[in-house]
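Close look at the chain arrangement
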Amino acid sequence: MTAAYDLRSNAKIKGNRAYLPPQYKVVMHLAYFLVAMCILTTAGHAAWGTWLKWKKQEVQIQLDDVSRRIKTQNHMLWLAEWRSQSIPMQEHLVEFFSQLPEEVRLSQMVISHNSDEGTVDLTIAINSDRNTSAQYFREMTSFLQEKGLAIQLLEQNQAVGATVFKAKFRIMRSYNQPVPSSASKG
């Protein structure tokens, strides 16, 4: 098939290929090569970005897992250290209540240790009148402060025949450490 031209202009009106002078053939091949390289470069950058994003997510998951394990082990070590360097809270309370008169009776005692916060929750019901119970609880509070605990929260409620005390103590130091006396400060 031969090419047909419009005689009013030099535009080609029929045929399978546009006319390109032979001296521009190298320029057109170079342009095609540049377009292909741009497409390949863009696809490569997109693939590389996707791979980096996937790797970043994988590393972040591993980092979160390691951080969670470290935090858990840190709490366990703190609790183990506190237990190994201290006399248990129950022994302190037994020591304190053994000093009280015979008529004072405990009807309830609940102790829970919060390793995350470094605190001890204590609930005690003392079977005596309100004023006497309050006096015993004040003595117990000062006794526990000497042993290295500081009060964060304190509640007192009346129940039938008993006074219920709820307290939260912060562990300030190991129980076996000596308490600084006021004589050594002066």
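Above this text you will find the structure in question.
A quick note: this is a predicted structure, and the numbers were derived from the prediction, not measured.

Quick look at helix α3 (residues 130-146)
An ideal rise of 1.5 Å per residue puts 24 Å on 17 residues; α3 measures up with 24 Å between its terminal C-alpha atoms. Those residues of α3 lying buried are Ser133, Ala134, Tyr136, Phe137, Met140, Thr141, Phe143 and Leu144. One or two positions beyond α3, positive phi appears at Gly148, with a value near 110°.

Some details on the nonpolar core
Leu93, Phe97, Leu122, Ile124, Met140 and Leu144 are the most contacted members of the largest nonpolar core, which has 18 residues in total. Looking at this core, the elements that each hand over two or more residues are α2 (89-98), β4 (119-127), α3 and β6 (162-171). For this core, the element with the highest residue contribution is α3, accounting for five residues.

Some words on the pattern of salt bridges
As enumerated under the stated definition, the model contains four salt bridges in all. Residues Lys55 and Glu58 are paired through a salt bridge, measuring 3.5 Å at the closest nitrogen-oxygen approach. Of this pair, Lys55 and Glu58 both sit in helix α1 (residues 25-84), three residues apart, roughly one helical turn. With its nearest N and O atoms 3.5 Å apart, the salt bridge here joins Asp121 to Lys168. Taken together, the residues span a long stretch of sequence, with Asp121 in strand β4 and Lys168 in strand β6 at a distance of 47 residues. Beyond isolated ion pairs, a larger network of salt bridges with shared partners links Asp65, Arg68 and Arg69.

Here is what the cut-offs are and how they apply
Within each chain, residue numbers correspond to sequence positions counted from 1 in written order. Given that the model is predicted, a residue must reach a pLDDT of at least 70 before its local features are reported, and side-chain atom pairs must reach 80 or more before they are shown or counted; all residues, however, enter totals for whole chains, interfaces and linings. Working from all heavy atoms in the structure, the side-chain values ignore hydrogens and water. Only runs of H or I of at least four residues qualify as helices and only runs of E of at least two qualify as strands under DSSP, and these elements are numbered from the N terminus. In this analysis, the expected span of each helix is defined as 1.5 Å times one less than the number of residues it contains. Relative accessible area decides the class of each residue, using a 1.4 Å probe on protein chains only: under 20% of the type maximum gives buried, over 50% gives exposed, and in between gives partly exposed. Take the buried residues of types Ala, Val, Leu, Ile, Met, Phe, Trp, Tyr and Cys, join any two whose side-chain atoms come within 4.5 Å, and each joined set is a nonpolar core. Within this document, salt bridges are pairs made up of a side-chain nitrogen of Lys or Arg and a carboxyl oxygen of Asp or Glu, the two lying within 4 Å of each other.

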